[in-house]
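Tertiary structure, described
Read off the chains here:
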Amino acid sequence: MPKFYLTTPIYYVNARPHLGHTYTTIVADTIARYKRMRGYDVLFLTGTDEHGETVARSARRAGLEPQAFVDDVAAAYQRLWKTLGLDYDRFIRTTEPRHAAAVAKIFQAAKKGGYIYKGKYRGLYCVPCELYVTDPTPEGNCPTCGRPPERVEEENLFFKLSAFEQKLLAHYEKHPEFIQPESRRNEVISFVRGGLRDLSITRTRFSWGIPVPNEEGHVFYVWFDALTNYLTAVGYGATGPAASEFERLWPADLQLIGKEIVRQHCVYWPAFLLAAKLPLPKTIYAHGWWMMEQEKMSKSRGNIVRAEPLERVVGIDALRYFLLREMVFGQDATFGYDALVTRTNSDLANDYGNLVSRVLTMVERYFKGQVPYPSSGADRTAADQEVAEVAEKAITAFQQCFDSYDFSRGLEAVWSLVGAVNKYLVETEPWVLAEDEAKRARLATVLWTAVEGLRIATALLHPVMPTVTERVRLQLGLEAELGSSRLDDLSWGQMPTSARIGTIEPVFPRLEKDAAIEQLRRLEEEMSAPAAPGTQGGAVSAEERTWISIDDFAKVEMRVGEVRAAERVAGANKLLKMMVDVGDEVRQIVAGIAEAYAPEQLVGKKVVIVTNLQPRKIRGVESNGMIVAASVGEQGRPVLATFAEDVPVGARLK
Ligand code: MSP
């Protein structure tokens, strides 16, 4: 069985997953299922990118050790993928020890090749992007995110990227499939032709990273660290049996990325691999962005949509279908609730779902639930033949499109079949045939043809809608699970005779549009409500700041509180649990201040409490409010806000 090694980017842990991350993972999951149905032995990898200055800062702001912080968010990613049924084979975290070994190994290999040297870096650095800014905007900002970079000077190890200009261009030339789509390939070629500068690959400005062997105080640049994950996950740097896998699985067959990380994946990454004398991945595919009203969805713009509310309202299969159908793979697309609900209703509830129910109900009613077979003498018409032809064409077109990652057109091909079966029923009117006993053979042919069309459409749709298609498969009375059947064997005419259909139940109930949109909005708002401190949700770093109006500020209720009691939280050396009188009640509040304050120092102190934050559990302990503190110095030492003169408990701060 040929292997197919497929990867997603590993996601940063300084933010919780949103629809953008979910999209790439859904695409990967779909490809993995599709390739399995094409007979490949698939390995689907995803994971989290956990090092770097931004992560360290976010952890500090959350009052957690970086490791505890990244553990939390990595777990949130894994939980979400599980909830959504995204069936990855491996999940890599860059804080795993095996990964440090792999990074050290590729570094040593590059060093041995003569591609590493020591130099001084002076220049601009964009902290949120983790990128040195060599080509700032005219205003002096980061060209990627538009935010102001910091000026830095440090002694670093450099990677001789400039040595790879010609080798990379030759590879792009020889392997047009290496960077896809074409537009990105052209972009990369012209970037490399413009000349490559050496790349600083170590940092001394922070310690939350993988230490560089024999270079005290240096950690690896996050991208050098992060890109190597694709090797680590398949055994690079390992010893024993894990290592032997590497030969079989590397190079990756397909690496999915978003278009903003093309340079790292299509220039740096192949150069690192060439330096270490490792084969290059076969294809890197950069897809476009989901936009919200012309802007990229991102935390800093505050225009994020998350998958969880979408999944709850329309279901995971409809969400997957929408994302794959609506976005032309490689281009940007606009996300909208209206479009999501409209498409779910028209394509899934009306066209496909209804068709399944109608056809099976007729099989139930006219043939006691047994799929009829057209008897040899039964009259056939051109209409039957037409459906068969459309089905055969759909099978071929679907596979051609999915082989070239053109999901949207692949799904259109399936809908041509769904449309043809619907039209066939309108023309042949089986409900009229059923009234005439003499037309029973014809009725059998018509229903068999419709069921056969549905069987084929359902098998093709399986990689995109794995849950619903399995339910339809059972309703059609088919024995073999769709996931273990082969698309290569799919052809017209294989619907088993006398299959007994299962219980008919609607697979896509119609959504009431306004109510569904309203519910989507409400759930999204609930999800993005501010979280209690000491947890990742409360950590908004300075670089992600957006302006708020006075009305927004007025929503935050802050009151004078007096600490009545305080104690440490067992097993969390940063956390204190306090009972705080806020005027009309005594609240339990958990805060990450234990390293700066002893419990007894706090009792009797007047402090500032945010009193209308959603209650939240921090390390299993309920926290009902947030204590306000300044975050001081590199380590973010908390210093509690208090008052210049005595104030009554419960007074509101405005
Ligand atoms: N950690 C790096 C990747 C390192 S890979 C060695 C990173 N992480 S990220 O959390 O920012 O994730 C970026 C990826 O998430 C994009 O490349 C894309 O796959 C996905 N998306 C994030 N926002 C997106 C949209 N708005 N639309 C579509 N996909 C997007 O970059």
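Residues numbered from 1 in each chain as written. Predicted model: local features only at pLDDT ≥ 70, side-chain atom pairs only at ≥ 80, totals over all residues. Heavy atoms only, no water.

Structural notes on the overall build of the protein chain
Quick reminder of the rule: Each helix corresponds to a stretch of at least 4 residues labelled H or I by DSSP, and each strand to a stretch of at least 2 residues labelled E; elements are numbered beginning at the N terminus. Categorising residues by exposure relies on relative accessible area from a 1.4 Å probe, with only protein chains included: less than 20% of the type maximum marks a residue as buried, more than 50% marks it as exposed, and the intermediate range marks it as partly exposed. Between two residues, a contact is recorded if the distance between any of their heavy atoms is within 4.5 Å. Here the Shrake-Rupley method, with its probe set to 1.4 Å, supplies the accessible areas, and only the displayed protein chains count as covering residues. His is not counted, nor are the chain ends, whereas Lys and Arg count as positive and Asp and Glu as negative. Lysine's charge is taken at NZ, arginine's at CZ, aspartate's at CG and glutamate's at CD.
Secondary structure assignment for the protein chain yields 21 helices and 25 strands. With respect to the three principal axes, the spread of C-alpha positions in the protein chain is 95 × 70 × 50 Å. Looking at the protein chain as a whole, 56% of its 654 residues are labelled buried. Taking the intrachain contacts of the protein chain between residues at least 6 apart in sequence as the baseline, contacts between residues at least 24 apart amount to 75%. Total accessible area on the protein chain stands at roughly 28,000 Å², and carbon and sulfur atoms take up 50% of it. When the 79 positive and 84 negative side-chain charges of the protein chain are each reduced to one mean point, those points stand 4 Å apart.

A look at the site of the ligand
We count it as follows: Think of it this way: one heavy atom of a residue within 4 Å of a molecule or strand is enough to make that residue near it. Two N or O atoms form a polar contact when they lie within 3.5 Å of each other; inside protein one atom must be a possible hydrogen donor and the other a possible acceptor, and for residues adjacent in sequence the pair counts only when both atoms belong to side chains. Three classes are used, and their members are as follows: Ala, Val, Leu, Ile, Met, Phe, Trp, Tyr, Cys and Pro are nonpolar, Asp, Glu, Lys and Arg are charged, and the others, Gly among them, are polar.
Around the ligand sit 24 residues, and of these I10, T24, D49, E260 and W290 come closest. In this structure, an oxygen atom belonging to the ligand sits 3.3 Å away from a side-chain N or O atom of H21. Separating an oxygen atom of the ligand from a side-chain N or O atom of E260 is a distance of 2.7 Å. Here the ligand loses 95% of its free accessible area of 670 Å² to cover by the protein chains. Secondary-structure elements contributing two or more residues to the shell around the ligand are β1 (3-12), α1 (19-37), α7 (222-227) and α8 (229-232). The element best represented in the shell around the ligand is β1, accounting for four residues. Residues belonging to the shell around the ligand are distributed by class as follows: twelve nonpolar, nine polar and three charged.

As for the confidence of the model for the protein chain
Basically, it comes down to this: The quantity called pLDDT is the predictor's confidence in a given residue, expressed from 0 to 100.
Confidence in the prediction for the protein chain averages 91 pLDDT; 95% of positions are at 70 or higher. Here residues 531-545 is a poorly scored stretch, pLDDT under 50, and it has 44 contacts once near neighbours within four places are set aside; other chains count.

Notes on a negative patch on the surface
We count it as follows: Residues enter patches when their relative accessible area tops 30% and they take part in no salt bridge; the joining distance is 9 Å for like charges and 5 Å for the nonpolar side chains Val, Leu, Ile, Met, Phe, Trp and Tyr. Criterion for a salt bridge: a side-chain nitrogen of Lys or Arg within 4 Å of a carboxyl oxygen of Asp or Glu.
Judged by side-chain charge, E512, D514, E518 and E525 come together as a negatively charged surface patch. As for its position among the elements, D514 is in helix α19 (residues 513-527).

Details of a nonpolar patch on the surface
Nonpolar side chains collect at one region of the surface, where I548, I550, F553 and V556 lie side by side and expose about 370 Å² of accessible area between them. Locating I548 in the fold gives a position in the loop between α19 and α20 (550-554).

Focus: the pattern of salt bridges
All chains considered together, the criterion is met by 41 salt bridges. Residues K513 and D338 are paired through a salt bridge, measuring 3.1 Å at the closest nitrogen-oxygen approach. Of the two residues, K513 sits in helix α19 while D338 sits in helix α13 (residues 337-367), which places them 175 residues apart along the sequence. You can call K513 partly exposed: its relative accessible area is 32%. Here D338 falls in the partly exposed class, since its relative accessible area comes to 41%. A salt bridge links R442 to D384, with the nearest nitrogen and oxygen atoms 2.9 Å apart. Of this pair, R442 sits in helix α17 (residues 440-461) while D384 is found in helix α14 (residues 382-403), placing the two residues 58 residues apart along the sequence. Classification of R442 by relative accessible area gives buried; the value is 9%.

Notes on the environment of V127
If you trace the backbone, V127 turns up in the loop between β4 (116-126) and β5 (131-133). In this structure, the C-alpha to C-alpha distance between V127 and P149, residues 22 residues apart in sequence, is 7.0 Å. Beyond its immediate chain neighbours, meaning those up to four positions away, V127 contacts E53, T54, R57 and E150.

Observations concerning the sheet that holds strand β15 (residues 333-334)
Counted only if it meets this: Note on pairing: two strands pair once DSSP finds at least 2 bridges between them.
Spatial ordering of the open sheet is given by β14-β13-β15, a layout of three strands whose pairing is mixed. In the strand order of this sheet, the two ends are held by β14 (295-296) and β15, each with one partner. The pairing of strand β13 (residues 290-292) with β15 spans two bridges and is classified as parallel. Counterpart to M291 in the pairing with β15 is T334.

Section: the packing of α1 against α14
Operational definition: Each axis is a line fitted through C-alpha atoms, taken for helices only over the stretch in contact, and angles between the N-to-C directions span 0 to 180 degrees. Every angle not falling under 35 degrees, over 145, or within 65 to 115 is termed oblique; those three ranges are roughly parallel, roughly antiparallel and roughly perpendicular. Should the near helix be turned counterclockwise from the far one by less than a right angle, the crossing is left-handed, whereas a clockwise turn marks it as right-handed.
One way to put it is that α1 packs onto α14 with a least axis distance of 11 Å and a crossing angle of 125 degrees. Between α1 and α14, the angle is such that the two are oblique. Handedness of the α1/α14 crossing: left-handed. In this structure, α1 uses T30, Y34 and K35 to contact α14, whose residues at the interface are F398, Q399, F402 and D403. Per-class residue counts for the contact of α1 with α14 are three nonpolar, two polar and two charged.

Some points on the sheet that holds β5
Strand order across the open sheet formed by four strands is β5-β4-β6-β8, with antiparallel pairing between neighbours. The sheet is open, and its two edges are formed by β5 and β8 (199-200), each paired on a single side. One ladder, built from ten bridges, connects β4 with strand β6 (residues 150-159); its direction is antiparallel. Opposite Y117, over in β6, you have F158 as the bridge partner. Against the sheet, helix α10 (residues 262-275) contacts β5, β6 and β8, and its axis sits at roughly 35 degrees relative to β6.

What to know about unusual backbone geometry
Looking along the chain, the bond that leaves Q180 and enters P181 is cis, with omega of -5 degrees. Among the structural elements, P181 can be located in the loop between β7 (179-180) and α6 (182-193). Omega for the peptide link from W250 to P251 comes to 5 degrees, which places this bond in the cis form. With respect to the helices, strands and loops of the structure, P251 is situated in the loop between α9 (241-249) and β11 (254-258). One non-glycine residue with positive phi stands out, namely K277, at about 60 degrees. Looking at the element boundaries, K277 is found in the loop between α10 and β12 (284-287). Using a relative accessible area of 70% as the deciding quantity, one classes K277 as exposed. Backbone geometry places E429, a non-glycine residue, at a positive phi of 45 degrees. With respect to the element layout, E429 can be found in the loop between α15 (407-428) and α16 (430-433).

Structural notes on the pairing of strand β2 (residues 41-49)
To be explicit about the condition: A clockwise course of the path from the first strand over the helix to the second, judged with the strands pointing away from the viewer, identifies a crossover as right-handed.
For β2, a buried count of eight out of nine residues is recorded, marking the element as mostly surrounded by other parts of the structure. Bridge count between β1 and β2: eight bridges; the pairing is parallel. Within the sheet, the bridge partner assigned to F4 lies in β2 and is V42. Following the chain from β1 across α1 to the adjacent parallel β2, one finds a crossover that is right-handed. Relative to strand β3 (residues 90-93), β2 is paired through four bridges, and the arrangement is parallel. Directly across from G47, in β3, lies its bridge partner I92.

A look at the side chain of T95
Position of T95 among the secondary structure elements: in the loop between β3 and α4 (97-112). Here the side chain of T95 touches E50 through a polar contact of 2.6 Å, side chain to side chain. If we skip the residues at most four places from it in the chain, T95 touches E50, H51, Q67, V70 and W208.

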